[in-house]
Amino acid sequence: MNSIKSVPARVLSRRPGHSLEAEREQFDKTQAISISKAINTQEAPVKEKHARRIILGTHHEKGAFTFWSYAIGLPLPSSSILSWKFCHVLHKVLRDGHPNVLHDCQRHRSNIREIGDLWGHLHDRYGQLVNVYTKLLLTKISFHLKHPQFPAGLEVTDEVLEKTAGTDVNNIFQLTVEMFDYMDCELRLSESVFRQLNTAIAVSQMSSGQCRLAPLIQVIQDCSHLYHYTVKLLFKLHACLPADTLQGHRDRFHEQFHSLRNFFRRASDMLYFKRLIQIPRLPEGPPNFLRASALAEHIKPVVVIPEEAPEDEEPENLIEISTGPPAGEPVVVADLFEQTFGPPNGSLKDDRDMQIETLKREVETLRAELEKIRLEAQRYVSQLKGQVNTLEAELEEQRKQKQKALVDNEQLRHELAQLRAAQREGERNQGLREEAEKKASTIEARYHKLKEKHSELIGTHAELLRKNADTAKQLTVTQQSQEEVARVKEQLAFQMEQVKRESEMKLEEQSDLLEQLRKELEAKAGELVRAREALSRTEQSGSQLSSRLDTLSAEKAALSSAVQQREAELLAAQGLVREKDAALSLEQQRSSQETAELRGQLADKESRERELRQRLLDEQFAVLRGTAAEAERILQDAVAKLDDPLHLRCTSSPDYLVSRAQAALDAMSALEKGHAQYLVSRSDASALVAALTQFSYLAADTIVNGSATSHLAPTDPADRLIDTCRECGARALELMGQLQEQGTVHQAQPGLVRVPLQGVLQLGQELKPKSLDVRQEELGAMVDKEMAATSAAIEDAVRRIEDMMNQARRASSGVKLEVNERILNSCTDLMKAIRLLVTTSTSLQKEIVESGRGAATQQEFYAKNSRWTEGLISASKAVGWGATQLVYVAPGSRRTGWCCTRASTRSSSSAPTRSRPARPSSWQPPR
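Because the structure is a prediction, the values reported are computed rather than measured.

What counts as what
- Residues numbered from 1 in each chain as written.
- Predicted model: local features only at pLDDT ≥ 70, side-chain atom pairs only at ≥ 80, totals over all residues.
- Heavy atoms only, no water.
- Helix = DSSP H or I, 4+ residues; strand = E, 2+ residues; numbered from the N terminus.
- Buried < 20%, exposed > 50% of the residue type's maximum accessible area, 1.4 Å probe, protein only.
- Areas by Shrake-Rupley, 256 points an atom, 1.4 Å probe, with all protein chains shown as cover.
- Core = buried A, V, L, I, M, F, W, Y, C linked by side-chain atoms within 4.5 Å.
- Contact = heavy atoms within 4.5 Å.
- Expected span 1.5 Å × (residues − 1).
- Arc of directions from axis to C-beta.
- Polar contact = N/O pair within 3.5 Å; in protein donor to acceptor, adjacent residues only side chain to side chain.
- Phe/Tyr/Trp six-rings, centres within 6.5 Å; stacked < 30°, edge-to-face > 60°.
- Axes fitted to C-alpha atoms, helices over the stretch in contact; angles between N-to-C directions.
- Parallel < 35°, antiparallel > 145°, perpendicular 65-115°, else oblique.
- Left-handed = near helix turned anticlockwise from the far one by under 90°.
- Patch = residues over 30% accessible without salt bridge, like charges linked within 9 Å, V, L, I, M, F, W, Y side chains within 5 Å.
- Salt bridge = Lys/Arg side-chain N within 4 Å of Asp/Glu carboxyl O.
- Nonpolar A, V, L, I, M, F, W, Y, C, P; charged D, E, K, R; others polar.

Novice: Quick one: what's the story with the overall build of the protein chain, residue by residue and with numbers?
Specialist: Scanning the protein chain from N- to C-terminus turns up 28 helices and 0 strands. Scored against the burial criterion, the 927 residues of the protein chain give a buried share of 36%. Carbon and sulfur atoms provide 53% of the accessible area of the protein chain, an area that totals close to 54700 Å².

Rendered as structure tokens:
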């Protein structure tokens, strides 16, 4: 939506007689309906009219309290599509809603993060999109809360951008990095959406594709502004910093530029976006930041949202408006016919005037009641705000606990369902296995019985066959005997021998019969009759055995078919058991794989946590090392000033040196405490960094002011002060070097710098002016005494210079005489100027004393203005001392060589030559 349409007056108006509670109830009901219609589980894009009503509701109540009160109750963990559409509506509310929506969403950051983390751990297509979308929303909320100059819609002028960036390069650098992170989240969402779309079909015309593509409209709007702002900020950075420093920024911008250009090109080719948004075209190549004139070639991408077509459905009222007046109120709006042609039955004008007056009075009464209601509502609001704030905190905590409990409960329920399903499957497989084993054992027992019975039948059949063969043999023998009976009479002897031979060849069972036939040859006829009878009985028994054999063969065939059928059932049962075993093994394998994956994810998370912890330690040490390096540069600069000839003109008072040294000692205590804390916990170096920064500044200030103080001190204390400052700088630099290395951080001893700092403090206290010990009553006398001594010293110096000039004229000639005369004339002129200075200063002093003394005496004036008096005394001493030194170094003086030798000695010891100013820097006339 390009802009929020103004809320109709009928929506925001309220008829007299409607209570605030009823209006609020109707508003909540309307918002609940809009939220339920906009955020549902249907895989279709959010309708604009529902989103518009939600946004208008935020403007009506000046916040998103109602939206969040209903959004928290949505079952977001149960449906990824529901969570995706919730993120889409929240994005639209953030962009186009009331400005207070941002602060309301800040209180629910934990809910947004928990939804993203929940769906990020599940393998769901919409769930992965929800995870990326929640990260974008959290980044958006954080950015706009940190930079309130940028509204949630990201549309600001270039003047506001310049004002927000400011002139500090660090702020511009940081703002650019944050915008890069913002842009990365936007592009990551677009890439995730396009990755899930099937480019082979027109997905933009399908409801499932439009459901995924709809949030990209807000992404396009955000990216167009972020691209313009990053271009402006990068040109500004290149104007302040060298190009090598910004190489990383340029590489990151080029990567985002190509991704954004590809995203805009793909979106422009889709029919879904062509009727909803006009997407800008980016140039073929990124801007050249190394050329400042390229900024004029940059064209700001403009996204155009066409006017929305009217909805077919009648929009619902945000506030219920009654169609008729309440009971007891007259009708205000008359019929159009009555307004045009007058009331029927010829009503008089007076009646209408009276009715108008009555209505006016009722309007005034209603206005008074409305004002009373408004005041009462304001009072109620002020009373309820405190309760609301308290309840909001409690409700927020309860919501967090509830959401966390819901997520944990859902996870536990899911795990319990999986375990129960696995248990039921295992029990079912176990039952099937036991049943199959029982069937197999039963079939195997029946098979063994049938096998035994079959073996018995085979044995019986074999026995019967053997008996049948024996009977046939006996029948054959009987027939042969019957045939031979006829020849027995004729050839008895021959047959007897043949019968014997044949009887021996027969079976052993017939041997007794053959013997009987040989012994009882005459009874062969009877025996033949008995043999025939036996043969007939044998034939009958053979037929019976044949019929029984046929019956047994049929039973054998039936038993064989039954055995085959049972064997087939056994094989089928064994196959079913094998299938169940395979399914159970696959389930166990899948469970083991899932367990291995979860363990791998846990290991990855632990390794990531270790990496993040190590990165935190490295970043903390990097901050510490950078701070120590900067402190080392500050101290090196201060130590370098000890040997800098340009620093000889800088002076400082011992009092200021004492204050700086004392402040440095206090900072040393904080540095020792911060160092101890960092050794205990290296994940937090803030205390050490802060103390290190303050100590480096104060220590450098102490060294510089110690050098400046030594320029006004006597030679021996000045040398001691310079050496102490050098020692302080050396130990401080050694400490900074130890803090820049991982192996020597724990060996650093900040307390070693305390000793030279205490030495500087002691020397500064010793160099304080001793005139402070003089009583106030003696200051006036000291002023006159010092001024008189200074005048005497100047007169004596003038006299000596004149004597040296006379001696030079007598002892020198030529060029040497000319040089000495010039030098002595310059010294004479200088001494005249000094004398004039003393005379003028004395007159000026008297004028100051006379003008500021009033009714007090001169000594009382000096005592009252003690600091000015002390400065005057110090200045007079300095002038007298300078005049005396000038005499010593003038040509012809006996101490000239000694002064030059001493100066060269001090120069060779790398100590700077100190010059005494005519007046100390601390001297100021009284006001």
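Novice: Quick one: what's the story with the nonpolar core, residue by residue and with numbers?
Specialist: Judged by nonpolar contacts, the single largest core of 89 residues is most densely connected at F67, W68, F263 and F273. Formed by 48 residues, the second largest nonpolar core is a distinct cluster that contains A638, A663, A664 and C725.

Novice: An account of unusual backbone geometry is requested, with residue identities and associated values reported.
Specialist: Leaving glycine aside, a negative phi is the common case for residues, and trans is the common case for peptide bonds. Unusually for a residue other than glycine, K62 sits at a positive phi of about 60°. Note on K62: relative accessible area 54%, which makes it exposed.

Novice: Explain the side chain of N131 to me, using residue names and the numbers behind them.
Specialist: Within the fold, N131 resides in helix α8 (residues 125-146). Under the relative-accessibility criterion, N131 is labelled buried at 14%. With residues near it in sequence (within four places) discarded, N131 still touches G116 and G120.

Novice: Before we move on, could you go through helix α13 (residues 247-268) and cite the residues and values that matter?
Specialist: In a regular helix each residue adds 1.5 Å, so 22 residues correspond to 32 Å; α13 covers 31 Å between its end C-alpha atoms and thus fits that length. Listing the buried residues of α13 in full gives H249, R250, F253, Q256, F257, L260, F263, F264, A267 and S268. Projected onto a plane normal to the axis of α13, the buried residues spread over an arc of 150° and lie on a single side. Taken together, the buried residues of α13 touch α10 (169-196), α12 (216-238) and α14 (271-274).

Novice: Report on the side chain of S707, specifying residues and quantitative values.
Specialist: Inspection of the secondary structure assignment puts S707 in helix α21 (residues 686-710). According to the relative accessible area criterion, S707 is buried, its value standing at 1%. Side-chain polar atoms of S707 contact the side chain of H647, separated by 3.3 Å. Once residues lying within four places of it in the same chain are set aside, the contact partners of S707 are K641, L642, H647, I722 and C725.

Novice: I'd like a description of the packing of aromatic side chains, backed by residues and values.
Specialist: Using the criterion set out here, one finds 16 aromatic pairs in the structure. Between F143 and F150, the aromatic rings sit 5.7 Å apart at their centres with planes inclined by 50°, giving tilted as the arrangement. Across the pair, F150 and F143 agree in class, each one buried. On the basis of an interplanar angle of 50° and a centroid distance of 5.2 Å, the ring pair of F143 and Y182 is categorised as tilted. Remark: Y182 occurs in helix α10 and F143 occurs in helix α8; sequence separation between them is 39 residues.

Novice: Can you break down the packing of helix α5 (residues 80-96) against α8 residue by residue, with the values?
Specialist: One way to put it is that α5 packs onto α8 with a least axis distance of 9 Å and a crossing angle of 20°. It follows that α5 is roughly parallel to α8 by the angle criterion. Handedness of the crossing formed by α5 with α8: left-handed. Between α5 and α8, the residues in contact are S80, I81, S83, W84, C87, H88, L90, H91, L94 and R95 and Y126, G127, L129, V130, Y133, T134, L136, L137, K140 and I141, respectively.

Novice: Got a sec to walk through a nonpolar patch on the surface? Specific residues and values, please.
Specialist: On the surface, Y380, L384 and V388 cluster together into a nonpolar patch covering about 250 Å² of accessible area. In this fold, L384 is placed in helix α16 (residues 349-488). Given a relative accessible area of 43%, L384 falls into the partly exposed group.

Novice: Which residues make up the environment of T58, and what values do they have?
Specialist: Residue placement: T58 occurs in helix α3 (residues 48-61). Within the structure, T58 has its side chain in polar contact with the backbone oxygen of I55 (distance 2.4 Å).

Novice: Explain the pattern of salt bridges residue by residue, including any values.
Specialist: Within this structure, the stated rule accounts for 21 salt bridges. For the salt bridge of E364 with R367, the shortest nitrogen-to-oxygen distance reads 3.5 Å. Here E364 pairs with R367, and both are found in helix α16, just 3 residues apart, close to one helical turn. By relative accessible area, E364 is classed as partly exposed at 47%. For R367, a relative accessible area of 52% corresponds to the exposed category. One salt-bridge network, held together by shared partners, links R95, K140 and D222.

Novice: How would you explain the environment of K140 if you had to name every residue and give the values?
Specialist: Looking at the secondary structure, you find K140 in helix α8. When its relative accessible area of 1% is taken as the criterion, K140 is described as buried. Put simply, K140 and L102 are 38 residues apart on the chain and 9.5 Å apart in space, counted from C-alpha to C-alpha. A distance of 2.7 Å separates a polar atom in the side chain of K140 from a polar atom in the side chain of Y182.

Novice: Tell me what's going on with the environment of D117, and back it up with residues and numbers.
Specialist: Checked against the element boundaries, D117 lands in helix α7 (residues 109-120). The partly exposed category is assigned to D117, whose relative accessible area is 38%. Spatially, the C-alpha atoms of D117 and T134 are 8.8 Å apart, while their sequence positions differ by 17 residues.

Novice: Got a sec to walk through the packing of α8 against α10? Specific residues and values, please.
Specialist: In the contact formed by α8 and α10, the axes pass within 10 Å of each other and the chain directions differ by 160°. Relative to α10, α8 is oriented roughly antiparallel. Note that α8 runs across α10; the crossing there is left-handed. On the side of α8, the interface is formed by R125, Y126, Q128, L129, V132, Y133, L136, T139, K140, F143, H144 and K146, while α10 contributes Q174, L175, E178, M179, Y182, C185, E186, R188, L189, S192, V193 and Q196. Across the contact of α8 with α10, the residue classes tally to 12 nonpolar, 6 polar and 6 charged.

All we've got here are geometric facts, nothing functional implied.
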